Amino acid sequence: MAARLMRSSDIPAFVAKVIETGCDICAIGHSGYVLGDVEEMVAAEDELRRIDEEFGDRDFLLPEIVVYLRSIGRYLDPGSSASHWSDNPRMQ
């Protein structure tokens with residue numbers, strides 16, 4: 001059986017579900033993203049596994065996920081003075 005592939009239209013729902021687990025997902029620059037810090041991911045391990053099974057492989061959507069996260073203000077740029085995505089000037 002072929003692995004399920006996430007669709008680009010699933011990105012907002014995927015991000016919302018990750019946030020619901022308590023993980024603080026955000027883009028890092030323009031090339032990647034993190035689900036949250038290690039403690040958040042460990043605490044949400046079971047839920048994150050279910051999300052992974054529900055949405056499937058998303059590696060090929062990395063650029064689109066980053067664009068979406070940036071569009072909703074969830075990003076940190078390397079070298080920025082912001083220590084959390086909510087510190088971005090456009091979010092204040």
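The paragraphs below set out a description of the structure included in this document. Keep in mind it's a predicted model, so treat the numbers as computed, not measured. (Residues numbered from 1 in each chain as written. Predicted model: local features only at pLDDT ≥ 70, side-chain atom pairs only at ≥ 80, totals over all residues. Heavy atoms only, no water.)

The final tally for this structure, using the stated rule, is 1 aromatic pair. Pairing Phe-14 with Phe-55 gives two aromatic rings, centres 5.8 Å apart and planes at 80°, and the pair type is edge-to-face. With Phe-14 in helix H1 (residues 11–20) and Phe-55 in helix H3 (residues 45–55), this residue pair connects regions lying 41 residues apart in the sequence. The aromatic ring of Tyr-75 is capped on one face by Arg-70, whose charged end is 4.1 Å from the ring centroid. (Phe/Tyr/Trp six-rings, centres within 6.5 Å; stacked < 30°, edge-to-face > 60°. Helix = DSSP H or I, 4+ residues; strand = E, 2+ residues; numbered from the N terminus. Lys NZ or Arg CZ within 6 Å of the ring centre and 35° of its normal.)

This paragraph deals with the packing of H1 against helix H4 (residues 62–71). The interhelical angle for the contact between H1 and H4, taken along N-to-C directions, is 65°, at an axis separation of 10 Å. Judged on the interaxial angle alone, H4 and H1 are roughly perpendicular. By crossing handedness, the relation of H1 to H4 is classed as right-handed. Between H1, through Ile-11, Pro-12 and Val-15, and H4, the contact on the second element is made entirely by Glu-64, Ile-65, Tyr-68 and Leu-69. When grouped by side-chain class, the residues that make up the contact of H1 with H4 number 6 nonpolar, no polar and 1 charged. (Axes fitted to C-alpha atoms, helices over the stretch in contact; angles between N-to-C directions. Parallel < 35°, antiparallel > 145°, perpendicular 65-115°, else oblique. Left-handed = near helix turned anticlockwise from the far one by under 90°. Contact = heavy atoms within 4.5 Å. Nonpolar A, V, L, I, M, F, W, Y, C, P; charged D, E, K, R; others polar.)

Once that is clear, we can look at the sheet that holds strand E3 (residues 75–76). Taken in spatial order, the 3 strands make up an open sheet running E2-E1-E3, and their pairing is mixed. Whereas interior strands pair on both sides, the edge strands pair on one side only; in this sheet they are strand E2 (32–34) and E3. Inspection of the sheet shows strand E1 (residues 26–28) paired to E2 by 3 bridges, in the antiparallel sense. Pairing of Ala-27 across the sheet is with Tyr-33, part of E2. Across the face of the sheet, H4 comes into contact with E1, E2 and E3 while running at roughly 65° to E2. (Pairing = 2+ DSSP bridges.)

The subject of this paragraph is H1. Buried within H1 are the following residues: Ile-11, Phe-14, Val-15 and Val-18. Seen from one end, H1 has its buried residues packed into an arc of 95°, which puts them on one side. Looking at the buried residues of H1, the elements they touch are E2, H3 and H4. Positive backbone phi, approximately 100°, marks Gly-22, located one or two places after H1. (Buried < 20%, exposed > 50% of the residue type's maximum accessible area, 1.4 Å probe, protein only. Arc of directions from axis to C-beta.)

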